[in-house]
Amino acid sequence: MKYSNEPFSKALKEIMEKKDIIHRKLAAKTNFCFSYFCILKKRKKHPPIETIKKISSGLGIPPEYFLEYRIDILVKLLMNNPSLTDDVIDFTRGLIEDNNSKTKDKEKGVLEILPWSC
């Protein structure tokens, strides 16, 4: 299953629609009040990681589906291995630069084949 890179509220809404699961059904599987899911889908801040785990279990998906869970894993890894922080930052910057240059190359390629480009 593809992971979501959307904020929790949007990812939750999308996966519930995709799996055709309603609030009450998910509430029964997670022991949360059904109205809690309405709140989660509207709020900006994500719930605690333990809540994400419970919701994931109720949805039958890995908690890694949610971006916030994956970020939490990264933060914990870095907190436990502070000497890796600089390497991770450098690696991430390299990925961003590669992505930006690929995007620019694609844009340049499109402009070169357009008939009205000079």
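Scroll up a little and you will see the structure.
1. Regarding the overall build of the protein chain
Then comes step 1: A count of helices and strands for the protein chain gives six helices and zero strands.
Then comes step 2: Reading the helices (α) and strands (β) of the protein chain from amino to carboxyl end gives α-α-α-α-α-α.
Then comes step 3: Taking contacts inside the protein chain between residues at least 6 apart in sequence as the whole, the part at least 24 apart equals 51%.
Then comes step 4: As displayed, the protein chain has an accessible area near 8,800 Å², and 58% of this comes from carbon and sulfur atoms.

2. Some thoughts on a positive patch on the surface
Then comes step 1: A grouping of Lys 2, Lys 18, Lys 19, Lys 25 and Lys 29 is seen on the molecular surface, where their side chains present a positively charged patch.
Then comes step 2: Looking at where Lys 18 falls in the secondary structure, it is placed in helix α1 (residues 8–18).
Then comes step 3: Accessibility expressed as a relative area gives 67% for Lys 18, which makes it exposed.

3. Section: the packing of aromatic side chains
Then comes step 1: Counted by the stated rule, this structure contains five aromatic pairs.
Then comes step 2: Ring geometry for Phe 32 versus Phe 37: centroids 6.1 Å apart, planes at 75°, classification edge-to-face. Accessibility assignment for this pair places Phe 32 and Phe 37 in one class, buried.
Then comes step 3: Each member of the aromatic cluster is reached from another via a ring pair, and the members are Phe 8, Tyr 65 and Phe 66.
Then comes step 4: For the cation-ring pair, Arg 24 lies above Phe 34, with the distance from its terminal atom to the ring centre recorded as 3.8 Å.

Rules behind the numbers
Residue numbers restart at each chain and count upward from 1, following the sequence in its written direction. For this predicted model, a pLDDT threshold of at least 70 governs which residues receive local features, and a threshold of 80 or more governs which side-chain atom pairs are given and counted, while totals over whole chains, interfaces and linings are taken from all residues. To get the side-chain values, all heavy atoms of the structure are used, and hydrogens and water are removed first. Numbering of helices and strands runs from the N terminus; a helix is a DSSP stretch of H or I covering at least four residues, while a strand is a stretch of E covering at least two. Here, residues are in contact when the closest pair of their heavy atoms is within 4.5 Å. Surface exposure here means Shrake-Rupley accessible area, sampled with a 1.4 Å probe, where a residue is shielded only by the protein chains that are shown. For patch detection, residues must exceed 30% relative accessible area and be free of salt bridges, and they are connected within 9 Å for like charges or within 5 Å for nonpolar side chains (Val, Leu, Ile, Met, Phe, Trp, Tyr). By convention in these notes, a salt bridge is any Lys or Arg side-chain nitrogen within 4 Å of a carboxyl oxygen on Asp or Glu. Neither His nor the chain ends is counted toward charge; the positive residues are Lys and Arg and the negative residues Asp and Glu. In plain terms, the charge of a residue is placed at NZ if it is Lys, CZ if Arg, CG if Asp and CD if Glu. Burial here depends on accessible area, computed with a 1.4 Å probe over protein chains only, as a share of the maximum for the residue type. Under 20% is buried, over 50% is exposed, and the range in between is partly exposed. Each Phe, Tyr or Trp ring (for Trp, its six-membered ring) is paired with any other whose centre lies within 6.5 Å, and the angle between the two planes then decides the class: stacked below 30 degrees, edge-to-face above 60, tilted in between. Cation placement over rings: the criterion is NZ of Lys or CZ of Arg within 6 Å of the ring centroid and within 35° of the ring normal.

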